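# Coordinates in review
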Amino acid sequence: MFGRAKTLLLGAIVASFVLQLLSGYINPYYLDVLTGIGINIILAVSLNLINGYTGQFSLGHAGFMAVGAYTSAAVSIFLGPHFLSALGNGNAAISVLFLLALLTGGIVAAIAGIFVGAPSLRLKGDYLAIVTLGFGEIIRVIFRNIPSLGGALGLNGIPDYTNLFWVFSFAALTIYAVTAMVNSTFGRGFLAVHDNEVAAEAMGLNPTKYKMVAFVVGAFFAGIAGGLYGHFKMSIDPKGFGFLKSIEIVVMVILGGMGNTVGVIIAAIVLTLLPEVLRPVEDYRMIIYSLLLIILMLVRPQGLFTPRKRALAERKTT
Amino acid sequence: MSEPQRTLLQLTNCTIRFGGLTAVSALNFEIDREELVGLIGPNGAGKTTVFNVITGVYCPTEGDVSFSGESLVGRKPHQITAHGIARTFQNIRLFGSMSVADNVRVAFHRHVASGVLSGLWRGRAFHNEEKRVASEVTEMLEIFHLGKFHDTPAQSLSYGDQRRLEIARALATKPKLLLLDEPAAGMNASEKIELMRLIQFIKDKYKIAVLLVEHDMKVVMGICERIAVLDYGEKIAEGSPADVRKNPKVIAAYLGNEN
Amino acid sequence: MNEFLQQLLNGLSLGAIYALIALGYTMVYGVLRFINFAHSDVFMVGAFAGYYLSRYFPKASLPGGFAVLIGAMLICALLGIVIERLAYRPLRSHSKLNVLITAIGVSLFLENTGQFIFGAAPKPSPVLFPFKLFNFGGLVLSSNQIAVFVVTIVLLISLHFIVMRTKIGTAMRALSFNPVAASLVGINNDIVISFTFGLGSALAGAGGILYSMNYPAIDPLMGILPGLKAFVAAVLGGIGNIPGAALGGVLIGVIESFSNGSHWSTWTDAIAFTLLILILLFRPSGLLGKLEVEKV
């Protein structure tokens, strides 16, 4: 019996395949934007599991992306030639290599997720945000100090494997995974731990388990996004995975409404398009961005797509 | 198979100290299967502290807490719930942003085999289990007259309904012992009568023991089979409602000693 | 031995500046339980205020230097108060996370507007006080470093006096213990919070001036790294604890001074963050702070 959710997932993967076949007809600029949208959807939805649903304020998501990017690039660059020479250079071999690279990146990022998630078990709110930010920066500094991965100058020569099929298939998979996990009796626990941890514990929920699962799964998909990003830009450097990148992803989650997957997807699309739309005023882009951030928080802290009622739920009284 | 022990919960010589303050002192206390016991005492007597020790929020500084013969000391709250103890809170702690149904549903998680992987794969077993939980949730809500609030956010319920939901949620964990922390607080007279009926009903239907902390004497005297009285962290009296009501130490504790 | 003492002296000088910035973080956290992300950028504004104000005193002099210092402190105090009023106060009843994001927004705004207005390229630091080098038997001390010590000590003593002996200082302390009770005894929380922001920002401004005196250039992003380290210092000392912030600042400055001379300089950020994480994990109350427990 193949449930509705899995059918949708399969349909999305097939649609991605079709989209990829048609990609020859799409203007290369739009192709780039579409790829960017897909990657941001994966980043935002995966962070939403950690921030939005489980309520663990993580400001270090870009760190997981970095781990995935560098790990998968290392697989492609260092293992790739041996792999391909053994299996031939055909499309099938490249696909297998790429999948392997991405999954390796995701798994290593998931392991990083364990380390970053561990402090979350003891810390909350502001403190947790600072610690996750710290981890993100530590990861960045580590990569900046590894000469074989390019060091401060970045890693070049990453093969151009990313295409719309991969990006949107993984986007669909991420959405499926996060939604499926949360929509189950077990998965309601994420929300419960977020809403009232003391009560959740009293109901037999193990907050540690939920927080760790959230971090590990969220990190895994961020790692995948990193791998897709690396094989798209063909060159990565530590500066691009810093605190600012983490903030960009957090803004998508907040804009979409914490814990609102559909809203977050829309927000990811909007925020990917925004820099393109603001190109004429490129110089002022960051100023406008920071002002929008402030205004958004003051005027609509619950995000653009969450109704007022849910907003009142989020308000804490002193 | 041997007969299950009569004694369910046992506190032996429990002392709880916070820095220089002794909240509970050398407490010996037992609850048997399917007993309805009340724990009363003036404000600050240590009643909620006892609850918190039983449920693992605090560790006893001295002494032991055991359940069905097994010591609970050092266990985390969620592990203690797994042993079969559930509780409600003095200040209602519902999952406010979640629906009424989800509040109860999440408490059933312990009786669901599926975890992360099943949730991702979503096979037949998973769907059957989810259906079973859904129907148990609906049934539970009906029993507690909360059926019409199935999808309402829990925090928009009236105070009385919220209290009932908290009890329903605690019961969804299928406990052997239910701890109720001042369930009648903020209720009017007719709501209190309803509550008394509800607690009696729960005890009979689910065959559980109930430990009740409560200030309202009518409620306590009305339903409890046995009452223990705390004052300044010490047990000063224990017995049937009739005995406790007449006990001079108890009267003195509540009215204050006039020397 | 001389090497050691020289490093120590440099460390104390640096630590004094970190202490001034850390005090702002800790005071705001004390009254609002909120980490003011934009604080490091107020520090930067202080340095730039000094740069532009120094044009009125083309010749480096003692009175001129102090005028610039006080001017910058006032400008920063005003900036801090305005930021609190416009960006943080409306969110006071909202979840902490929202205010954190707003603070990040303010920080980004200040940095990017700074880059826009001042230009991203570094500017040479103004010369505020007449420069002299002193040699104490092998130990080199510049007049600028002496200024750091003097100004910091004066400010710390003044702060101690304000917090311990004045009405508003007592109100600050009351607020940090229990905001509700404070308002119930007639304290106007809003005014006290504004004052706290103003005071903390003034100290950051002073830090900015002192920092620029000891480094060759200033730029709009100069606040990020010192701000981070000052934050670690505040946490190290016990966030919310004023003497702790001063102690933490000095410790971090000394540690940095000794580590700069070592092989680990490219890892400085990572070390700072690692230290922060370790403190928060194993001794979240810091060296001098008290642990807070949630009541069930």
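A quick note: this is a predicted structure, and the numbers were derived from the prediction, not measured.

The rules behind these values
- Here the residue index of a chain counts from 1 through its sequence in written order.
- For naming, the first written chain is A and the first written ligand is 1, with later ones following in the order written.
- Local features in this predicted model are restricted to residues whose pLDDT is 70 or higher, and side-chain atom pairs enter the listing and the counts only when it is 80 or higher, whereas totals over whole chains, interfaces and linings include all residues.
- Where helices and strands are cited, they refer to DSSP runs of H or I of at least four residues and of E of at least two residues respectively, numbered from the N terminus.
- In this scheme every C-beta is placed from the backbone, and a residue whose C-beta has 20 or more other C-beta atoms within 10 Å is buried, one with 12 or fewer is exposed, and one in between is partly exposed.
- We call two residues in contact when the distance between their C-beta atoms, placed using the backbone, is within 7 Å.
- When DSSP finds at least two bridges between two strands, those strands are taken to pair.
- When buried Ala, Val, Leu, Ile, Met, Phe, Trp, Tyr and Cys residues are joined through C-beta atoms within 7 Å, the set is termed a nonpolar core.
- Axis definition: a line fitted to C-alpha atoms, limited for helices to the stretch in contact. Angles are taken between N-to-C directions and run from 0 to 180 degrees.
- Note that the domain bounds reflect an automated or database-derived domain assignment.
- Here the term charged refers only to Asp, Glu, Lys and Arg, the term nonpolar to Ala, Val, Leu, Ile, Met, Phe, Trp, Tyr, Cys and Pro, and the term polar to all other amino acids, Gly among them.
- Note that the term roughly parallel is reserved for angles under 35 degrees, roughly antiparallel for angles over 145, roughly perpendicular for angles of 65 to 115, and oblique for everything else.
- Note on convention: near helix rotated counterclockwise from far helix by under a right angle means a left-handed crossing. Clockwise means right-handed.

## Things to note about the overall build of chain A
Broken down by element type, chain A carries 13 helices and zero strands. Each helix and strand of chain A, ordered N terminal to C terminal, gives the series α-α-α-α-α-α-α-α-α-α-α-α-α. With the C-alpha coordinates aligned to their principal axes, the bounding extent of chain A is approximately 60 × 50 × 40 Å. Looking at the 318 residues of chain A, the share that counts as buried comes to 55%. Residue pairs in contact within chain A that sit at least 24 positions apart in sequence constitute 83% of those at least 6 positions apart.

## Examining the sheet that holds strand 2 (residues 21–32) of chain B
Residues and elements named next belong to chain B. In spatial order, the strands read 2-1-4-5; together these four strands make up an open sheet with antiparallel pairing. Single-partner strands in this sheet number two, and they are strand 2 and strand 5 (70–71). Sheet topology places strand 1 (residues 7–18) next to strand 4 (residues 62–67); five bridges connect them, and they run antiparallel. Of the residues in strand 4, the one forming a bridge with threonine 15 is glutamate 62.

## Examining the nonpolar core
A:Ala44 and C:Cys76 are the most contacted members of the largest nonpolar core, which totals 278 residues. Those residues within four positions of A:Ala44 in sequence are excluded, and the remaining contacts are A:Ile249, A:Met252, A:Val253, A:Gly256, A:Val264, A:Ala267 and A:Ala268.

## Topic: the sheet that holds strand 10 (residues 234–239) of chain B
Residues and elements named next belong to chain B. The six strands lie next to each other as 6-7-8-3-9-10, forming an open sheet whose pairing is mixed. The sheet is open, and its two edges are formed by strand 6 (85–87) and strand 10, each paired on a single side. Averaged over all pairs of adjacent strands, the angle between strand axes in this sheet comes to 20°, irrespective of strand direction. Seen against the sheet, helix 1 (residues 47–54) touches strand 3 (36–40), strand 6, strand 7 (177–181), strand 8 (209–213) and strand 9 (226–231) and runs at an angle of roughly 145° to strand 7.

## Brief notes about the domain arrangement of chain B
Residue and element names in this part refer to chain B. In terms of domain boundaries, chain B breaks down into domain 1 (1–84 + 175–259) and domain 2 (96–163). Relative placement of domain 1 and domain 2: their C-alpha centres are 28 Å apart. Across the contact, five residues belong to domain 1 and four residues belong to domain 2. By residue class, the composition of the side of domain 1 that touches domain 2 is three nonpolar, one polar and one charged.

## What to know about the pairing of strand 7 of chain B
Residue and element names in this part refer to chain B. Within strand 7, five of the five residues are buried, which leaves it mostly tucked inside the rest of the structure. Relative to strand 7, strand 6 runs parallel, the two being bridged by three bridges. The partner of alanine 86 across the bridge, within strand 7, is leucine 178. Here strand 7 runs beside strand 8; their pairing, made up of five bridges, is parallel.

## A closer look at the packing of helix 3 (residues 100–107) of chain B against helix 5 (residues 124–143) of chain B
Residue and element names in this part refer to chain B. One way to put it is that helix 3 packs onto helix 5 with a least axis distance of 9 Å and a crossing angle of 120°. Considering the angle they form, helix 3 stands oblique to helix 5. Once helix 3 is placed against helix 5, the crossing between them reads as right-handed. For the pair formed by helix 3 and helix 5, the contact residues are Val100, Ala101, Val104 and Arg105 on the first element and Val133, Val137, Met140 and Leu141 on the second. Across the contact of helix 3 with helix 5, the residue classes tally to seven nonpolar, no polar and one charged.

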